[in-house]
Amino acid sequence: MLVFLVFFVVGGAPVPHVNETHYLAKAKHFWNPTWCAGDLFLESADPHWVFYATFGVLTKWFSQSTVAWVGRIAAWLLLAWTWQKLSARVISGKYFSIITAALFVVLIEWCNFAGEWVVGGVESKCFAYGFVLWALAEVARGNWRSAWPLLGIASSWHVLVGGWSVVGLLVVWITEPLESRPRLRDNFPSLLLGGILALPGVIPGLLLSASAPANVAATANQIYVFERLPYHLAPLTLPAGELIGRAARFGILLAGFVWLQWLLPILATGNSRIALDRLQRFAAASIGIGFIGLLGEVLFWNDPGHAAGFLKYYWFRLADVAVPLAIALSCGSLMSQFSQGMPRVAKWASLLTATIPGVLILYVAINRWVDPAPPANSRVQNAQDWQSACLWIRQNTPQDALFLIPRSAQSFKWYAERPDLCNWKDVPQDPISLLEWKNRLLDVFSHVTEWGETSRDRRLGELGSRRLGELAEKYGIDYLLAEEYPPVELPVVYQNSSYIVYQPERAE
């Protein structure tokens, strides 16, 4: 239960989190297509079918906020239980799992290379990682037959999380000493079962590009990789300062991992040592996967089409999780060994290991107390005024009214429960819808400055009443929700100190 408490403190920001407005809106629309009907993102392809089909049904009876908390608690309980199982396979002694869990989430948060996370707002990958941890716990004790179906379930929740974990464990299996390596024919039935269980995640992923021409899919891949998610998918294209910072943080993590691997002979003995060795090889495999991703990015540097097709598979996400996992459990094993032979050293080592993540977790809690605004509202002008404007819209406009909203206003559907033309966060996954999303963003927000530079983040008021009328005519926009400055000469139906709701005039 204390491991769950660690996850609660780390991930328990007010709803909605940045990913929850995205996932839970999709899940709600999945079960009620009339909700926000006409929204491009919601009516695009559904890549995470298992999540929508399970947690989405709760939105039929409960608010999105309630469903978010139910999902968070379910995910954190799964992660806490499986982390406890995994930790017990490697470390003997009470309460070490609490320290290792805190170290695990803090290392991911502060040392990730490609922006991956495990504990936070609810989405499909939270459950996928729970089953990955469960599979690793089974492999740690030598039960390979149970691991493959568990990874199949992980893949059904999130095909890339589960898929890369399968690759990592296959490397562990191949590098296992011959005397303990299970025969392939003995594992084939469980591998087959894992593949069948993965189909609910694999099939929607394969169908994303099935109806799109090759050139459309290639263009969509480039937008997705190099414009929308380069910090996840194409790190070498990031600004030099950001790339150096990420590489330095992750480099420190890798140095710690290598040092702990060197200490493996004294970290654990017997079955614990075998289990830890398997986890460290899993982490090493994830590093190799990430290196292949970097190598591919370099090799395709002058061929963005092939580069995007290669990089869209999130080559770097597994290392962001597997390396902190191996370090956290190695540190726990080291403390356990000290506690048996050198209790005084163990006491100080445990205190130091617990203090560092403890201080950082306390820092997160203090920041949340100082600024209790939901993370999804971090880019709006005034969170309270934003919510007030959205509440007025929900209570005073038709349910099918289409809105034009600020580019970064990702929580609009969460609060207002109305469709919007486009926003930066809600990027569709299928190529045809993704291209339409990009065209809409450019049409609304892009302009050339007086210095000849192209800007893609102007305020709606800067478009002027005439242009807003043209957009309303072109897309069938019924209302405009804009920042209060600069104002435009359009009929105002609502206003507070930060936001104005207009009814744009249609172009003649």
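Asks: Any details on the sheet that holds strand β4 (residues 479–483)? Residues and values, ideally.
Replies: Spatially, the four strands line up as an open sheet ordered β1-β4-β6-β5, and their pairing is mixed. This sheet does not close on itself; its edge strands, each paired only once, are β1 (403–404) and β5 (492–495). By the bridge criterion, four bridges tie β4 to strand β6 (residues 499–502) in an arrangement that is antiparallel. Bridge assignment links L480 to a residue of β6, and that residue is Y502. Helix-sheet contacts for helix α18 (residues 383–396) involve β1, β4, β5 and β6, and the interaxial angle to β6 is about 20°.

Asks: Now, about the nonpolar core: what can you tell me, with residues and values included?
Replies: Among the nonpolar cores identified, the biggest contains 151 residues, and F7, F51, W83, L86 and L481 are the most heavily contacted of them. Excluding residues that lie within four positions of it along the chain, L86 makes contacts with L133, L136, A137, A140, L279, L325 and L329. A25, W35, F41 and L42 belong to the second largest nonpolar core, which has five residues in total.

Asks: Could you give me a rundown of the state of the cysteines, with the residues and numbers involved?
Replies: Following the criterion strictly, the structure yields zero disulfides and no others. A disulfide-free cysteine, C36 has its sulfur positioned 11 Å from the sulfur of C390, the nearest such atom. Overall, the relative accessible area of 2% leaves C36 in the buried class. Note on C390: relative accessible area 0%, which makes it buried.

Asks: Quick rundown of the side chain of E138? Include the residues and the values.
Replies: Topologically, E138 is positioned in helix α6 (residues 124–140). Classification of E138 as buried rests on a relative accessible area of 5%. Apart from residues no more than four positions distant in its own chain, E138 is found in contact with K85, R89, N143, S146, A147 and L150.

Asks: I'd love a proper account of empty space enclosed by the protein, names of residues and values included.
Replies: Overall, the coordinates contain two cavities of 30 Å³ or more when judged by the stated rule. When its volume is computed, the largest cavity comes out at roughly 60 Å³. If you go around the largest cavity, the residues you meet are F104, V118, Y129, V132, L133, L136, F282, L318, V321, A322 and L325. Counting only elements with at least two residues in the lining of the largest cavity, the list comes to α6 and α16 (317–341). Here the second largest cavity is characterised by a volume of approximately 40 Å³. Residue lining of the second largest cavity: D39, L40, F41, K413, D420, L421, C422, D426, P428 and W437, and that is the complete set.

Asks: Requested: an account of the environment of L243, with residues and values cited.
Replies: You can see L243 is positioned in helix α12 (residues 240–262). Remark: the alpha-carbon pair of L243 and A198, spanning 45 residues in sequence, is separated by 34 Å. Contact partners of L243, with chain neighbours within four places excluded, come to F113, P235, L236 and L238.

Rules of the game
Residues numbered from 1 in each chain as written. Predicted model: local features only at pLDDT ≥ 70, side-chain atom pairs only at ≥ 80, totals over all residues. Heavy atoms only, no water. Pairing = 2+ DSSP bridges. Helix = DSSP H or I, 4+ residues; strand = E, 2+ residues; numbered from the N terminus. Contact = heavy atoms within 4.5 Å. Axes fitted to C-alpha atoms, helices over the stretch in contact; angles between N-to-C directions. Core = buried A, V, L, I, M, F, W, Y, C linked by side-chain atoms within 4.5 Å. Buried < 20%, exposed > 50% of the residue type's maximum accessible area, 1.4 Å probe, protein only. Disulfide = S-S within 2.5 Å. 1 Å grid on protein atoms, 1.4 Å probe; cavity = no way out; pocket = protein on both sides within 12 Å on 5 of 7 lines; lining within 4 Å. Points joined across faces, edges and corners; volume = space filled by probe spheres on them.

All we've got here are geometric facts, nothing functional implied.
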